[in-house]
Amino acid sequence: MIAIIDYGVGNLFSLKSSLKALGETAEVTRDRAVIAGASHIILPGVGAFGDAAARLRDTGMAEVMLEQAAAGKPILGICLGMQLLFQCSFEYGEHAGLGLIQGEVRAIRPVIPEGLDVPHMGWNALHFPAGQPRSPIFSGIDEGAHVYFVHSYAGFDCAGQRTAWAEYGAELTAAVQNENVYGTQFHPEKSGETGLAILKAFCALE
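Reading the values: the criteria
Residues numbered from 1 in each chain as written. Predicted model: local features only at pLDDT ≥ 70, side-chain atom pairs only at ≥ 80, totals over all residues. Heavy atoms only, no water. Helix = DSSP H or I, 4+ residues; strand = E, 2+ residues; numbered from the N terminus. Buried < 20%, exposed > 50% of the residue type's maximum accessible area, 1.4 Å probe, protein only. Contact = heavy atoms within 4.5 Å. Core = buried A, V, L, I, M, F, W, Y, C linked by side-chain atoms within 4.5 Å. Pairing = 2+ DSSP bridges. Polar contact = N/O pair within 3.5 Å; in protein donor to acceptor, adjacent residues only side chain to side chain. UniProt positions renumbered as here; feature names shortened; annotations may be inferred. Axes fitted to C-alpha atoms, helices over the stretch in contact; angles between N-to-C directions. Phe/Tyr/Trp six-rings, centres within 6.5 Å; stacked < 30°, edge-to-face > 60°.

### As for the environment of R32
Move 1: For R32, the location among the structural elements is in helix α2 (residues 32–37).
Move 2: For R32, a relative accessible area of 39% translates into the label partly exposed.
Move 3: Setting aside residues no more than four positions away along its own chain, R32 makes contact with G60, E63, V64 and E67.

### Quick notes on the nonpolar core
Generally speaking, a soluble globular protein has its nonpolar side chains buried in company with each other.
Move 1: Membership of the largest hydrophobic core comes to 31 residues, with the highest contact counts inside it found for I5, Y7, L43, L56, L84 and L98.
Move 2: Secondary-structure elements contributing two or more residues to this core are β1 (2–5), β3 (40–43), α3 (49–58), α4 (61–70), α5 (80–83) and β7 (101–107).
Move 3: Counting residues per element, this core draws most heavily on α4, which supplies 5 residues.
Move 4: Those residues in contact with Y7, other than ones at most four positions away along the chain, are R30, L43, P44, G45, A52, R55, L56, T59 and L84.
Move 5: Counting 29 residues, the second largest nonpolar core, distinct from the first, contains I78, A145, A166 and A175.

### Considerations on the sheet that holds strand β10 (residues 153–156)
Move 1: In space, the 4 strands of this open sheet follow the order β6-β5-β7-β10, with mixed pairing throughout. Of all the strands in the sheet, just β6 (95–96) and β10 have a single pairing partner and so form its edges.
Move 2: Of the pairings in the sheet, the one linking strand β5 (residues 86–89) to β6 comprises 2 bridges and is antiparallel in character. Bridge assignment links C88 to a residue of β6, and that residue is A96.

### Overview of the side chain of H40
Move 1: The residue H40 is located in strand β3 in this model.
Move 2: Within polar-contact distance, the side chain of H40 engages the backbone oxygen of C203 at 3.2 Å.
Move 3: Excluding residues within four positions of it along the chain, H40 makes contact with M1, I2, A3, K73, P74, F202, C203, A204 and L205.

### Observations regarding the UniProt feature "active site" (unreviewed entry) in the chain
Move 1: Under the UniProt annotation, "active site" (unreviewed entry) lies at C79, H187 and E189. Spanning 111 residues, the annotated positions come together in the fold, the maximum distance between their C-alpha atoms being 10.9 Å.
Move 2: Of note, C79 is situated in the loop between β4 (75–78) and α5.
Move 3: Judged by its relative accessible area of 6%, C79 falls in the buried class.
Move 4: Leave out the neighbours within four places in its chain, and C79 touches G45, V150, T184, Q185, F186 and H187.

### Considerations on the sheet that holds β4
Move 1: Across the sheet, which stays open at both edges, the 7 strands sit in the order β2-β1-β3-β4-β13-β12-β11 with mixed pairing between neighbours. Two strands close off the open sheet at either side, each with one partner strand: β2 (26–29) and β11 (162–167). Here the strands of the sheet are splayed against their neighbours by 20° on average, with no regard to which way each runs.
Move 2: Direction of pairing for β1 relative to β3: parallel, over a ladder of 3 bridges. Looking at β3, one finds that I2 is bridged to H40.
Move 3: Contacting β1, β2, β3 and β4, helix α1 (residues 13–21) runs over the sheet at an angle of about 175° to β1.
Move 4: Those strands touched by helix α6 (residues 192–203) are β1, β3, β4 and β13 (181–184), and its axis lies near 140° from that of β3.

### Side note on the packing of aromatic side chains
Move 1: This structure, assessed with the given rule, holds 4 aromatic pairs.
Move 2: An angle of 50° between the planes, with centres 5.1 Å apart, marks the rings of F128 and F138 as tilted. One end of the pair, F128, is in the loop between β8 (120–125) and β9 (146–151); the other, F138, is in the loop between β8 and β9, and 10 residues separate them in sequence.
Move 3: Judged by its relative accessible area of 10%, F128 falls in the buried class.
Move 4: Between F149 and F186, the ring centres sit 5.8 Å apart and the planes meet at 70°, which makes this aromatic pair edge-to-face.

What follows is the structure in structure tokens.
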């Protein structure tokens, strides 16, 4: 069973529907016992980092995430959920994250050309760092496969844990991994067959 963390942030219908299409049982929950009994955990999220981080702490889900990460359970953060895995964010102030991924979250506006819109929204190609093993969630995914993004902030200073990037006037972090903890800035549940393949690979992790 896949536990989708419920901390009051995000529309979870498309994610749960995608997992159902893959034949996976998923439950949206903030029940510690259910999460502890799950085989995998997904942390979704949309909105502002500071509010989401506060909700994670207030619901007790921040503590649960750290416990389950330490236990070695596969964890996937999606979009804002990925950003929350980082050490900190500078979105409307400075806010502490979970610290499961090195680096920080900053606005993309200063690093992309002025003519490009913010948020970065739409389909972009995935590129994988040369000279390093492919992350297991990208097994079978071709270089240049397209996925769907919606974001104004991105992960920086995470080169050692960056597993994919996208070109949007600059190289923007598209995915990260630190052992059993994974993150995608893009939405696999909105990325067609490529996204389903990524979710399937994550669900197959042991």
